[in-house]
Every structure is written in structure tokens, then in C-alpha cells.
Amino acid sequence: MHRHRGPPGSQTVKNRVHLDLATTSTAHQAELVARLKGLGATLADVGQGDVPWTVMADPEGNEFCVLEPRPIYQDTGPIAAVVVDCTDPRGMARFWGRATDWTLHEVTDDHATMRSAKGVGPYLEFLRTPDAKSVWNRVHLDVCPYPGDDLEAEEARLRALGATDPGIDQSAISWTVLADPEGNEFCLLTPR
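Residues numbered from 1 in each chain as written. Predicted model: local features only at pLDDT ≥ 70, side-chain atom pairs only at ≥ 80, totals over all residues. Heavy atoms only, no water.

Quick word on the confidence of the model for the protein
Averaged over every residue, the pLDDT of the protein is 87; residues scoring 70 or more account for 89%. Below pLDDT 50 for its whole length, residues 1-11 participates in 28 contacts with residues either more than four positions away or in separate chains. (pLDDT = per-residue confidence, 0-100. Contact = heavy atoms within 4.5 Å.)

A few points about the pairing of strand β1 (residues 17-21)
When you tally the buried positions in β1, you get 4 out of 5 residues, the bulk of the element. Note that β1 and strand β5 (residues 79-86) share 5 bridges and pair antiparallel. Opposite leucine 19, over in β5, you have valine 82 as the bridge partner. Relative to strand β4 (residues 63-66), β1 runs parallel, the two sharing 3 bridges. What sits directly across from aspartate 20, in β4, is cysteine 65. (Buried < 20%, exposed > 50% of the residue type's maximum accessible area, 1.4 Å probe, protein only. Helix = DSSP H or I, 4+ residues; strand = E, 2+ residues; numbered from the N terminus. Pairing = 2+ DSSP bridges.)

Examining the sheet that holds strand β2 (residues 42-43)
Taken together, the 8 strands give an open sheet; going across it, the order is β2-β3-β4-β1-β5-β8-β7-β6, and neighbouring strands pair in mixed fashion. Every other strand in the sheet has two partners, leaving β2 and β6 (103-107) as the edge strands with one partner each. Examined bridge by bridge, strand β7 (residues 111-115) and strand β8 (residues 123-128) share 5 bridges and lie antiparallel to one another. When the bridges of β8 are listed, arginine 115 appears paired with tyrosine 123. Relative to the sheet, helix α2 (residues 89-99) contacts β5, β6, β7 and β8, its axis offset from that of β8 by approximately 150°. (Axes fitted to C-alpha atoms, helices over the stretch in contact; angles between N-to-C directions.)

Some words on the environment of valine 139
Among the secondary structure elements, valine 139 is positioned in the loop between β8 and β9 (141-143). The exposure class assigned to valine 139 is partly exposed, which follows from its relative accessible area of 26%. Sequence separation between valine 139 and valine 17 is 122 residues, and the spatial gap between their C-alpha atoms is 5.7 Å.

Regarding the nonpolar core
Residues Trp96, Leu124, Phe126, Leu158 and Phe186 are the most contacted members of the largest nonpolar core, which totals 19 residues. Mapped onto this core, the elements with two or more residues apiece are β5, α2, β7, β8 and β11 (185-188). Of the residues forming this core, the biggest block, 5 residues, is contributed by α2. Leave out the neighbours within four places in its chain, and leucine 158 touches Phe95, Ala99, Ala163, Leu178, Phe186 and Leu188. (Core = buried A, V, L, I, M, F, W, Y, C linked by side-chain atoms within 4.5 Å.)

Structure (C-alpha cells):
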């Protein structure tokens, strides 16, 4: 696995879930990187090589990318995408497409991209990587059923799609923690 150096006590395994931040120009990208450094972010090396985006880590060592301007992300707001490393983008897109009402925009053996059916907010992207999940994810997705949905029925539906129990004590929390088909934890919240 790729490792980076962060503050003492920070993580050393690359996150399987990270944020990509959108920019509107190369000048905006440079300004954003400088502003984030001023807030305590550092440059990070996750083996990316010479790429047009900037990989950074927050003060706790969680990686994120400041992307070069890309037309696809011009209307997402500051967060372009939530990116999930996985071994099977097609399988992850199948699960998350059925688990949510999001629209699949592109799927290949190497990546899959989906977005809210309303076409708002960030994209959810799955990128193929050879690294297997080995630790609890520090960044995860929260799923909130629609108002009026039955929480137990929604949990049963997600389990039927392939969600599993992550094997933790959940007696002290008011939400449900599940794992997707590749073991990535996510929270099923109470409908609001």
C-alpha cells in the first residue's frame, strides 16, 4: 500500500474513500492549494507521480485531491466527487446504484461514476485499485432513507442487495452501521 507521512499519531494507510475538490481555473487551483496549506493541510505522496491534480492531506493525515479544472465538475460546488477505491467498480456501481436513486453516468472495468438523479452536488466515483481493504475506513458514506420510509425495511433491502454486518457493537448508537460488498462501512441513518 502507498503510505505518506503525516503528523505523529496520524494514519499511515491510504484512505479507500477520499474527497476531490473542484477548481475553476489553474489560478484557482493554486490559490486553493495555498489556502489549504495555510489551514494546516500538507502535500501528500500516495504514488500519484506527475499528475495535473494536487494530492494533499488534512491535519489528521486524510488524503484529498485538489483537481485541475474539469468541465464535468463545473456545477458540483466545492466538492467535485467522493472517490472510493475498490477492486470491482462495476459491482460497486451495481450495489450503490440500487442502494440509492443515483444515476450511473459511466462504468468500465477501471472506474464508475454516478450522481444524484437530480443532477446536483458531487459525483460518487469508484476507482479500481489492487489494494484490498485492510482497516476501518476513516471516511465513509451516510445513507438517509426518504422521509416516511421504514428503517427496518430499508435495512433489509440493503442487506438483500449485498450489504453486510461489519461485526461491531452497535448497542450505543441510534443508527445502523453496514458494509458494502467490498467491506466499506456506511451508516444507515433514521429518515428525516
